[in-house]
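# Breakdown of the fold
The primary structure of each chain is shown beneath.
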Amino acid sequence: MLRGKIHRATVTETRVDYEGSITVDAGLLEKAGIWPGEMVYIANVTNGARFETYALEGERNSGIIAMNGAAAHLCSVNDKVIIMGFELTDEHIKAKVVAVNEKNEAVKEFVY
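Everything quoted here is computed from the prediction, not taken from an experiment. (Residues numbered from 1 in each chain as written. Predicted model: local features only at pLDDT ≥ 70, side-chain atom pairs only at ≥ 80, totals over all residues. Heavy atoms only, no water.)

A word on the sheet that holds strand β3 (residues 21–25). Two strands in a sheet stick together by hydrogen bonds in their backbones, pointing the same way (parallel) or opposite ways (antiparallel). Taken together, nine strands build an open sheet; the order of strands is β2-β6-β3-β5-β4-β7-β1-β8-β9 and the sheet is mixed. Each having just a single partner strand, β2 (13–15) and β9 (106–111) make up the two edges of the open sheet. Pairwise comparison of adjacent strand axes, ignoring direction, gives a mean angle of 25° for this sheet. Here β3 pairs with strand β5 (residues 50–58) via four bridges, running parallel. Bridge pairing links Asp 25 to Gly 58 in β5. (Pairing = 2+ DSSP bridges. Helix = DSSP H or I, 4+ residues; strand = E, 2+ residues; numbered from the N terminus. Axes fitted to C-alpha atoms, helices over the stretch in contact; angles between N-to-C directions.)

Another aspect to go through is the packing of aromatic side chains. The relation between two aromatic rings is expressed through the spacing of the ring centres and the mutual angle of the planes. Per the stated rule, a full pass over the model turns up one aromatic pair. For the pair Phe 110 and Tyr 112, a centre-to-centre distance of 6.1 Å together with 25° between the ring planes defines the contact as stacked. A relative accessible area of 32% places Phe 110 in the partly exposed class. Of the residues examined, Tyr 112 reaches a relative accessible area of 48% and is grouped as partly exposed. In this arrangement the basic side chain of Arg 3 is found over the ring face of Trp 35, its NZ or CZ atom lying 4.1 Å from the centre. Stacked on the ring of Tyr 18, the Lys or Arg Arg 15 has its end atom at 4.6 Å from the ring centre. (Phe/Tyr/Trp six-rings, centres within 6.5 Å; stacked < 30°, edge-to-face > 60°. Buried < 20%, exposed > 50% of the residue type's maximum accessible area, 1.4 Å probe, protein only. Lys NZ or Arg CZ within 6 Å of the ring centre and 35° of its normal.)

Counting across every chain of the model gives five salt bridges. Of the charged contacts, one joins Arg 3 and Glu 38 as a salt bridge, the two residues approaching to 2.4 Å between their closest N and O atoms. One end of the pair, Arg 3, is in strand β1 (residues 2–10); the other, Glu 38, is in the loop between α1 (26–32) and β4 (39–44), and 35 residues separate them in sequence. Each member of the pair Arg 3 and Glu 38 is classed as buried. Here Lys 31 and Glu 109 are joined by a salt bridge, their closest N and O atoms 3.4 Å apart. A residue pair is termed long-range when its members are at least 10 positions apart, and Lys 31 in helix α1 and Glu 109 in strand β9 qualify at 78 residues. The class of Lys 31 is partly exposed, set by a relative accessible area of 37%. (Salt bridge = Lys/Arg side-chain N within 4 Å of Asp/Glu carboxyl O.)

This is how it looks when you write it as structure tokens:
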């Protein structure tokens with residue numbers, strides 16, 4: 001079940017020589033209920049790429065969305081991405097969704 005999603009975040013950095021992962025503003029991770037170290041699924045809205053990696057906590061309120069390592073080959077700076085965290089459960093859970101603006105500031109939060 002989808003547990004948390006950051007919708008249409010803007011990629012701020014790509015770092016091929018960095019350990020593989022995605023670095024995300026800590027405040028956005030918290031609002032979406034995504035944990036540092038959690039495997040996340042990324043959908044690149046700009047080019048259609050879809051892949052899995054793990055979340056690293058970036059500086060709070062920095063707006064950072066950095067693709068690191070191999071993931072950096074699948075995105076470019078300014079690409080729009082959807083970052084999703086899932087939970088294996090037999091129970092229906094409501095997903096926390098955080099929509100962001102072009103500066104990766106939360107502009108709308110809802111549950112569905």
